[in-house]
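Architecture at a glance
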Amino acid sequence: MISIVVIGALLLLALFTQAGVWLLQQTYPQRGTIVDVGDARLNVLDLGPREASAPPIVMVHGASSNLEVMRRPLGDLLARRHRVLLIDRPGHGWSSRARAADSTPAIQARMIGQALKKMGIGRVILVVHSWSGALGARMALDAPERLAGLVMLAPVTHPWRGGVGWYNRMVTTPLIGPLLAYTITLPLGLFLTGPGARNVFLPQAMPGGFIRDTAIPLLLRPREFLANARDLITLKAAVIEQMPRYGDIEVPITVISGDVDKTVSTDIHSRAFARAVPHTRLIVLDGVGHMVQQAAPDVVMAEVEAMIEQVGSKS
């Protein structure tokens, strides 16, 4: 009898999840164009003037989010004068990926490079946040010809003590993980998304309407939740593998971080990266946490503009 009750409850949760996925996708429809790169279909939102003479700005979000986090307000502000391309990383937002193994910064950087090439985009100013700091560093190592400059916001670049949360390990466990993702993740996540997002903003307050405006609940879809967990689980090994090469990076780089970031330690990551890549311009903002682009969009925009001017003067 207990088994029947458990199975029945799981079936009900699975049905609720599928209905929830449908509702989320109606509430937060795709904004952008799909670019097929073989192992993934990447959603790219192209904003701003196409005829702009400066290199296009490509913006890539971190973990547990999608391109809307980079769009509001920073992407929209930059798009007033520049061509801005916002990309859902493989498996996130409205992008897909075919293989669980495609979770590393190296593979995702390659996919993004393929998408840009397919779109006929030359050198770009790459703006990356958090998880994608490792992706930006990897692109600077593997495909520097694609980058006119790199702006990193609260980036992950080095290994850290500890893990990335027991729930990420559990959801990437064979059999158990998919069972959880397709039953309890969405209903439970509806209650936890708000507190989780507020914690990432600390000590700043989360802007009103942030979760709604940035389509964060899309993360609760099973396939995206699994992809996000896989990205986080494989990240530490990825940065351990690539960090010995950081001294080879020659791309112009600006790093902007907050001095009270409790999500991605500025000492462990940004300062260590600046020591490894001596030509890096490091800016540490007093009293700012992890969401740099939300807390200080004017500062970030000014630094992106300065990067554009810097690389323009060298061309």
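The structure we're discussing is the one just above.
Residues numbered from 1 in each chain as written. Predicted model: local features only at pLDDT ≥ 70, side-chain atom pairs only at ≥ 80, totals over all residues. Heavy atoms only, no water.

Turning our eyes to something else, we now look at the overall build of the protein chain. Looking only at helices and strands, one finds twelve helices and nine strands in the protein chain. Rg of the C-alpha trace for the protein chain: 19 Å, near the compact-globule value of 20 Å for 315 residues, within the 12% margin. Dimensions along the principal axes, computed over C-alpha positions, put the protein chain at roughly 75 × 40 × 35 Å. Expressed as a percentage of the 315 residues in the protein chain, the buried residues total 53%. Counting contacts in the protein chain only where the partners sit at least 6 residues apart, residues at least 24 apart contribute 80% of the total. As displayed, the protein chain offers around 14100 Å² of accessible surface, 60% of which is attributable to carbon and sulfur atoms. Seen as two clouds, the 31 positive and the 24 negative side-chain charges of the protein chain have centres 4 Å apart. (Helix = DSSP H or I, 4+ residues; strand = E, 2+ residues; numbered from the N terminus. Rg over C-alpha atoms; globule rule 2.2 N^0.38 Å. Buried < 20%, exposed > 50% of the residue type's maximum accessible area, 1.4 Å probe, protein only. Contact = heavy atoms within 4.5 Å. Areas by Shrake-Rupley, 256 points an atom, 1.4 Å probe, with all protein chains shown as cover. Lys, Arg positive; Asp, Glu negative; His and termini not counted. Charge placed at Lys NZ, Arg CZ, Asp CG, Glu CD.)

One can find Ser103 in the loop between β5 (96-97) and α3 (105-118). Ser103 has contacts with Arg97, Gln108, Trp131, Arg230, Asp231 and Thr234, leaving out every residue within four places of it along the chain.

With that settled, consider the pattern of salt bridges. Taken as a whole and judged by the stated rule, the model has 17 salt bridges. In this structure, Arg83 and Asp46 form a salt bridge, with 2.6 Å as the shortest nitrogen-oxygen distance. Taken together, the residues span a long stretch of sequence, with Arg83 in the loop between α2 (68-78) and β4 (84-87) and Asp46 in strand β2 (residues 40-47) at a distance of 37 residues. Measuring nitrogen to oxygen at the nearest pair gives 2.6 Å for the salt bridge that ties Arg271 to Asp267. Placement of the pair is Arg271 and Asp267 together in helix α10 (residues 267-276), with a separation of four residues, close to one helical turn. With relative accessibility at 31%, the residue Arg271 sits in the partly exposed group. Exposure remark for Asp267: the relative accessible area of 48% places this residue in the partly exposed category. (Salt bridge = Lys/Arg side-chain N within 4 Å of Asp/Glu carboxyl O.)

On to the pairing of strand β1 (residues 33-36). Moving residue by residue along a regular strand, the side chains alternate between the two faces of the sheet. For β1 and β2, the ladder comprises four bridges, and the chain directions are antiparallel. Note on β2: the bridge partner recorded for Ile34 is Asn43. The loop that links β1 with its antiparallel partner β2 comprises three residues; one of these, Gly38, has a positive phi angle of about 90 degrees. (Pairing = 2+ DSSP bridges.)

A few words on α10. Regarding α10, the residues found buried are His269, Ser270, Ala272, Phe273 and Ala274. Along its buried surface, α10 packs onto α4 (132-142), β7 (147-153), β8 (253-258) and β9 (281-285).

The contact between α4 and helix α9 (residues 222-242) brings their axes to 11 Å, and the two run at 30 degrees. Like other packed secondary-structure pairs, α4 and α9 cross with a definite hand, here left-handed. Taken together, the residues of α9 that come into contact with α4 (itself represented by Ala134, Ala137, Arg138 and Leu141) are Leu235, Val239, Glu241 and Gln242. Among the residues making up the contact of α4 with α9, the classes are represented as five nonpolar, one polar and two charged. (Axes fitted to C-alpha atoms, helices over the stretch in contact; angles between N-to-C directions. Left-handed = near helix turned anticlockwise from the far one by under 90°. Nonpolar A, V, L, I, M, F, W, Y, C, P; charged D, E, K, R; others polar.)

Taken as a whole and assessed by the stated rule, the structure comprises three aromatic pairs. Aromatic pair Tyr246 and Phe273: ring centres 5.1 Å apart, planes at 70 degrees, arrangement edge-to-face. Taken together, the residues Tyr246 in the loop between α9 and β8 and Phe273 in helix α10 connect sequence positions 27 residues apart. Overall, the relative accessible area of 0% leaves Phe273 in the buried class. In this arrangement the basic side chain of Arg89 is found over the ring face of Trp131, its NZ or CZ atom lying 3.9 Å from the centre. Sitting above the plane of the Trp160 ring, Lys236 keeps its charged end 5.3 Å from the centroid. (Phe/Tyr/Trp six-rings, centres within 6.5 Å; stacked < 30°, edge-to-face > 60°. Lys NZ or Arg CZ within 6 Å of the ring centre and 35° of its normal.)

What follows deals with the packing of helix α1 (residues 2-27) against helix α7 (residues 185-201). Running from amino to carboxyl end, α1 crosses α7 at an angle of 60 degrees, the nearest separation of the two axes being 8 Å. As summarised for this structure, α1 and α7 are arranged oblique, according to the angle between their axes. Here Leu13, Phe16, Thr17, Gly20, Val21 and Leu24 of α1 come into contact with α7, specifically with Leu186, Pro187 and Leu190. Tallied by class, residues from the contact of α1 with α7 come to seven nonpolar, two polar and no charged. (Parallel < 35°, antiparallel > 145°, perpendicular 65-115°, else oblique.)

Our focus in this paragraph is the layout of surface pockets. Here the largest pocket is characterised by a volume of approximately 1400 Å³. Lining the largest pocket are 48 residues, and of these Ser64, Tyr167, Asn168, Asn228 and Leu232 lie nearest its centre. Looking at the lining of the largest pocket element by element, the count peaks at ten residues for α7. Looking at the lining of the largest pocket, its residues break down into 28 nonpolar, 18 polar and two charged. Of all the secondary-structure elements, those providing two or more residues to the lining of the second largest pocket are β5 and α9. (1 Å grid on protein atoms, 1.4 Å probe; cavity = no way out; pocket = protein on both sides within 12 Å on 5 of 7 lines; lining within 4 Å. Points joined across faces, edges and corners; volume = space filled by probe spheres on them.)

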